[in-house]
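Remarks on the overall topology
Next come the chains, spelled out residue by residue.
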Amino acid sequence: MHFERLMSAAHPLYGRAMELYRVSFPPHERREALSQERILADADYHFALACDGDTFVGFALFWETDGFVYVEHLCIVPELRGRRYGGQGLELLGQRGRGVILEIDPPVDDISRRRQGFYERSGFVVNPYPHVHPPYHAGCAGHGLVVMSSPRAISAEEYAAFSDYLAGRVMKGAY
């Protein structure tokens, strides 16, 4: 498996990837289409198609800084889940030479507990910092999430740097 960075909404797989994005994440957890198109030009942002040979298997939407990689969204095509593509994607992100940070829903039901277990099996650990992801849409509130990181827990200073980057760069122009 490999990542192919998509730099334009004109890419032939952009529409398919955006449809997967739309059906895989609830509205409050995803960007509006225009916001998604605008950030493709951001040097830190990677809209990375996950491919197995020529087959589109999913995507990783992530931000790469000098200090960390922040995974905003990771998704595998539903009929291809359970084939280790998600784990392989996380391995590829870990090979970028920086710690990897992502957020998950609090583990309150079977699905969210399984998701946390998947990330823990992939080398991620839960961080203790109370965290609210800023809203993607005007008039909406942020939502509480759990911050996970790999290959180790992040310090309070690292969390503050991540939180500042999230609010000031990732979410800038989200709506």
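Use the structure listed above.
Before going into details, it helps to say that this report is about the structure given with it.

Calculation notes
Numbering of residues starts from 1 in each chain and follows the order in which that chain's sequence is written. Two thresholds apply to this predicted model, a pLDDT of at least 70 for residue-level local features and 80 or more for giving and counting side-chain atom pairs, whereas whole-chain, interface and lining totals are computed over all residues. Calculated side-chain values reflect all of the structure's heavy atoms, with hydrogen atoms and water omitted. The secondary structure listing takes helices from DSSP runs of H or I that are at least 4 residues long and strands from runs of E that are at least 2 residues long, numbered from the N terminus. Polar contact criterion, stated in full: a pair of N or O atoms within 3.5 Å, where within protein one must be able to donate a hydrogen and the other to accept it, and residues adjacent in sequence count only if both atoms are side-chain atoms. Only heavy atoms matter for contacts: two residues are in contact if any of them lie within 4.5 Å across the pair. Side-chain rings of Phe, Tyr and Trp (the six-membered ring for Trp) are treated as a pair once their centres are within 6.5 Å; stacked means planes under 30 degrees apart, edge-to-face means over 60, and tilted covers the remaining angles. Relative accessibility decides the category of a residue: with a 1.4 Å probe and only protein chains considered, values under 20% of the type maximum give buried, values over 50% give exposed, and everything between is partly exposed.

Describing the side chain of His133
- Among the structural elements, His133 can be located in strand E7 (residues 132-133).
- A distance of 3.5 Å separates polar atoms of two side chains, one belonging to His133 and the other to Tyr70.
- Other than its neighbours up to four places away in sequence, His133 contacts Tyr70, Glu103, Gly142, His143, Leu145, Leu166 and Met171.

Things to note about the packing of aromatic side chains
- This model, assessed by the stated rule, comprises 14 aromatic pairs.
- Between Phe3 and Phe62, the aromatic rings sit 6.3 Å apart at their centres with planes inclined by 40 degrees, giving tilted as the arrangement. In this pair, Phe3 sits in strand E1 (residues 2-6) while Phe62 sits in strand E3 (residues 55-64), placing the two residues 59 residues apart along the sequence.
- On the basis of relative accessibility, which here comes to 21%, the residue Phe3 falls in the partly exposed class.
- Accessibility expressed as a relative area gives 1% for Phe62, which makes it buried.
- Taking the centre distance of 6.0 Å and the plane angle of 80 degrees together, the rings of Phe68 and Phe162 count as edge-to-face. Within this pair, whereas Phe68 is found in strand E4 (residues 68-76), its partner Phe162 is found in helix H5 (residues 156-170), the two being separated by 94 residues in sequence.
- Phe68 gets classed as buried once you look at its relative accessible area, which sits at 10%.

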